[in-house]
Amino acid sequence: MYTAHPDRYADMPYRRAGRSGLKLPALSLGLWHNFGPDRPAETRRAILRRAFDLGVTHFDLANNYGPPPGAAESALGEALKADFTPYRDELVISTKAGYLMWPGPYGEWGSRKYLLSSLDQSLRRMGLEHVDIFYSHRFDPGTPLEETMGALHTAVRQGKALYVGVSNYSAEQTREAARILADLGTPLLVHQPRYSMLDRRPEDEGVLDALDELRAGSVVYSPLEQGLLTGRYLDGVPEGSRAASDSPFLNSDAVTEDLVGRLRALDAIARSRGQSLAQMALAWVLRGGRVSSALVGASSPRQLEDSVGAVRRLDFDDEELARIDAVVKG
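The following refers to the structure shown. What you are looking at is a predicted structure, and each value in this text was computed from that prediction instead of being measured.

1. Observations regarding the sheet that holds strand E3 (residues 27-30)
Turning to step 1, where the next piece is worked out: With respect to topology, 8 strands assemble into a closed barrel ordered E3-E4-E5-E6-E7-E8-E9-E10, the strand pairing being parallel. Recorded for the sheet is a direction-independent mean angle of 30 degrees between the axes of neighbouring strands.
Turning to step 2, where the next piece is worked out: As judged from the 4 bridges shared by strand E5 (residues 92-97) and strand E6 (residues 131-136), these two strands associate in the parallel manner. Pairing of threonine 95 across the sheet is with phenylalanine 134, part of E6.
Turning to step 3, where the next piece is worked out: Of the strands in this sheet, E5 and E6 touch helix H3 (residues 112-126), which is tilted by about 140 degrees from E5.
Turning to step 4, where the next piece is worked out: Against the sheet, helix H5 (residues 171-184) makes contact with strand E7 (161-167) and strand E8 (188-192), and its axis sits at roughly 160 degrees relative to E8, the strand it touches most.

If you want it as structure tokens, here you go:
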């Protein structure tokens, strides 16, 4: 029988999500493409247990995570029942709907029918009465935003979600979504954009500025840029890596000689800070407090422990930031 570590809250910083009363751990666990049946159940459970013991209280999912779609939610449901029933109220569990989940015209995007049906399916897979955060996973250009946000509002009114968020929305789409939700009486809690040292679109395209204006939080995904910022690629593409596979998210063509040189330069900066490259990359997205939490994946408890080590040093001086910018921006 699993018993959580008594000092699990000792070292993890918690940050308020926007102007809400909800605090999120600086690092959250994403159950993306690492929680399907190809991974042993004991490994999945060991990662979840170690995460919680380290103060990682937020587990992030989507309906289509696995693979196959739905598998990650089912795996979490099994782990919740086996290990976390006494701790449910200490956990923040989020899920999303927006990408393809089932065939036909009602199995993706942002219609009321799809979002609310998907949420019901997600709750059944996880064995939960509610999730803490329910997201619209992507903007739907074919559905009025009032309908999509109205569905999120309904989820809260029905007691199936405590808070709502959006993911992969532009700055203007986020502002409009927040306005609609405010009129309905359900505030926009959080936005989930992709953000890393190598992908700065939330800065460049004004998403972080919009969230500052709206006083909404942010939970960023891919802060390690699909593994490029973990140190695995300092000597090119290693065997067994994501870039060496047929992954649609990262291929070997992306790992150029120029990129490897930049990664080595970033690694040198990290070592001068007493961190691994992954730890520095996580600290970088969390710098300054604009980001509420950074999502990390893990294939083992040890990998998770290395990521959590980032919270020991989240500060940067101006010289370090300038060196990082010089490497990334050339």
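Moving on, there is more to tell.
2. Here's the deal with the layout of surface pockets
Turning to step 1, where the next piece is worked out: Roughly 250 Å³ of volume is contained in the second largest pocket.
Turning to step 2, where the next piece is worked out: If you trace the second largest pocket, you find 14 residues lining it, with Asp11, Arg50, Asp53, Leu54 and Val308 closest to the centre.
Turning to step 3, where the next piece is worked out: For the lining of the second largest pocket, the elements supplying multiple residues, two or more each, are helix H1 (41-53) and helix H10 (301-308).
Turning to step 4, where the next piece is worked out: Grouping the amino acids of the lining of the second largest pocket by side-chain chemistry returns 5 nonpolar, 2 polar and 7 charged.

3. As for H5
Turning to step 1, where the next piece is worked out: A rise of 1.5 Å per residue sets the reference length of H5, with its 14 residues, at 20 Å; its end C-alpha atoms lie 20 Å apart and thus fit the reference within 8%.
Turning to step 2, where the next piece is worked out: Taken together, the buried positions of H5 are occupied by Ala171, Thr174, Ala177, Ala178, Ile180 and Leu181.
Turning to step 3, where the next piece is worked out: Considering only its buried residues, H5 is in contact with helix H4 (145-157), E7, E8 and helix H7 (207-214).

4. Here's the deal with the pairing of strand E10 (residues 293-296)
Turning to step 1, where the next piece is worked out: Along E10, one buried face is formed by Ser293 and Leu295 and the opposite face, lined by Ala294 and Val296, is buried too.
Turning to step 2, where the next piece is worked out: Two elements, E3 and E10, share 3 bridges in a ladder whose sense is parallel. The residue of E10 that forms the bridge with serine 28 is leucine 295.
Turning to step 3, where the next piece is worked out: Strand direction decides the pairing type here: strand E9 (residues 217-220) and E10, joined by 2 bridges, are parallel.

5. Examining the environment of arginine 312
Turning to step 1, where the next piece is worked out: When you line up the elements, arginine 312 lands in the loop between H10 and helix H11 (318-329).
Turning to step 2, where the next piece is worked out: Each C-alpha atom, one on arginine 312 and one on aspartate 11, is 8.3 Å from the other, the two residues being 301 residues apart in sequence.

6. What to know about the pairing of E9
Turning to step 1, where the next piece is worked out: Burial along E9 is two-sided: the residues Gly217 and Val219 and Ser218 and Val220 are all buried.
Turning to step 2, where the next piece is worked out: Sheet topology places E8 next to E9; 2 bridges connect them, and they run parallel. Considered in E9, the bridge of valine 190 is made with glycine 217.

7. Notes on the packing of aromatic side chains
The geometry of two aromatic rings is summed up by the distance between their centres and the angle between their planes.
Turning to step 1, where the next piece is worked out: Applying the stated criterion across every chain yields a total of 9 aromatic pairs.
Turning to step 2, where the next piece is worked out: A ring pair is formed by tyrosine 2 and tyrosine 87, whose centres lie 6.0 Å apart and whose planes are at 70 degrees; its orientation type is edge-to-face. Here tyrosine 87 lies in the loop between helix H2 (71-84) and E5 and tyrosine 2 lies in the segment before strand E1 (14-16), a separation of 85 residues in the sequence.
Turning to step 3, where the next piece is worked out: Note on tyrosine 2: relative accessible area 9%, which makes it buried.
Turning to step 4, where the next piece is worked out: Take tyrosine 87: its relative accessible area is 11%, and that puts it in the buried class.
Turning to step 5, where the next piece is worked out: Measuring from centroid to centroid gives 5.5 Å for tyrosine 195 and tryptophan 284, while their planes differ by 45 degrees, and the two rings are tilted. Of this pair, tyrosine 195 sits in the loop between E8 and helix H6 (201-204) while tryptophan 284 sits in helix H9 (residues 277-286); the two residues are 89 residues apart in sequence, bridging distant segments of the chain. As far as the burial class goes, tyrosine 195 and tryptophan 284 line up, both buried.

What counts and how
- Residues numbered from 1 in each chain as written.
- Predicted model: local features only at pLDDT ≥ 70, side-chain atom pairs only at ≥ 80, totals over all residues.
- Heavy atoms only, no water.
- Pairing = 2+ DSSP bridges.
- Helix = DSSP H or I, 4+ residues; strand = E, 2+ residues; numbered from the N terminus.
- Axes fitted to C-alpha atoms, helices over the stretch in contact; angles between N-to-C directions.
- Contact = heavy atoms within 4.5 Å.
- 1 Å grid on protein atoms, 1.4 Å probe; cavity = no way out; pocket = protein on both sides within 12 Å on 5 of 7 lines; lining within 4 Å.
- Points joined across faces, edges and corners; volume = space filled by probe spheres on them.
- Nonpolar A, V, L, I, M, F, W, Y, C, P; charged D, E, K, R; others polar.
- Expected span 1.5 Å × (residues − 1).
- Buried < 20%, exposed > 50% of the residue type's maximum accessible area, 1.4 Å probe, protein only.
- Phe/Tyr/Trp six-rings, centres within 6.5 Å; stacked < 30°, edge-to-face > 60°.

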